[in-house]
Amino acid sequence: MTNLITEFADYDSFSREWHSDTLTDYDVSLEDARERGLLNEQKTRQLWQLLGLLDTGELFIQLPEWLAIEKVGSKDRTTSTIFVGYISRETEDAILFKESAAAQPLMQLAHKIHSLEKGVANTEADTDRHERSEKRLQEHYEKFSNRDNLPSLSDEWLPKSQLITAVQRCE
């Protein structure tokens, strides 16, 4: 829909772009930055896991803090600057971002879902444990789908010039 969306098919290319400022500032490769502990790999991995659970057409955007505060309508000092949602309309200068939700709680759920999926795969021989894990996994999927109680952006136009990034994961 829009040429401002960056798509990634693999984790390393996403991580390299997500941490491009750090890599440039320290003049290091992604591998060197990892070895030196310059990256928040856990948060990056959780963001990647979140991207993997988003519906087709859904993406995350990152906004400057002042714009996020304005669009969320919160005076809270911990206003999220990363949101997931859909671009429903677009002009040359702005996008209409709909059905948004703060990314941070969804990142945590995505990580739990990822861990539970591994657990389900590893507990097939233990039927009771496998069933409990599958039930917990289903509960987490339901929580992930129900975003009504999460902070969201008002359904208003966002200026393209103020978007820090807009990211989707390729299939």
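Coordinates for the structure precede this section.
So, here is what we can say about the structure in this document. Just so we're clear, the structure is a prediction, and the values are computed from it rather than from any experiment.

Each value, and the rule that gives it
Residues numbered from 1 in each chain as written. Predicted model: local features only at pLDDT ≥ 70, side-chain atom pairs only at ≥ 80, totals over all residues. Heavy atoms only, no water. Axes fitted to C-alpha atoms, helices over the stretch in contact; angles between N-to-C directions. Helix = DSSP H or I, 4+ residues; strand = E, 2+ residues; numbered from the N terminus. Parallel < 35°, antiparallel > 145°, perpendicular 65-115°, else oblique. Left-handed = near helix turned anticlockwise from the far one by under 90°. Contact = heavy atoms within 4.5 Å. Nonpolar A, V, L, I, M, F, W, Y, C, P; charged D, E, K, R; others polar. Pairing = 2+ DSSP bridges.

### Regarding the packing of helix α6 (residues 103-122) against helix α7 (residues 127-145)
- Two numbers describe how α6 lies on α7: the axes approach to 9 Å, and their chain directions differ by 155°. With respect to α7, the element α6 is oriented roughly antiparallel. You can see that α6 and α7 cross each other, and the crossing is left-handed. Contacts between α6 and α7 involve Leu106, Leu109, Ala110, Lys112, Ile113, Leu116, Glu117 and Val120 from the first element and His130, Ser133, Glu134, Arg136, Leu137, His140, Tyr141, Lys143 and Phe144 from the second.
- Looking at side-chain class alone, the contact of α6 with α7 contains 9 nonpolar, 3 polar and 5 charged residues.

### Side note on the sheet that holds strand β1 (residues 6-8)
- The sheet built from 6 strands is open, its strands ordered β1-β6-β2-β3-β4-β5 with mixed pairing. Because the sheet does not close on itself, it has two edges, and the strands there are β1 and β5 (157-159). On average, adjacent strands in this sheet sit at an angle of 45° to one another, irrespective of strand direction.
- The sheet strands contacting helix α4 (residues 41-53) are β1, β2 (58-62), β3 (82-90) and β6 (165-169), and the helix crosses β6 at an angle near 60°.
- Each of β3 and β5 is contacted by helix α5 (residues 65-72), which is oriented at about 170° to β5, the strand it contacts most.

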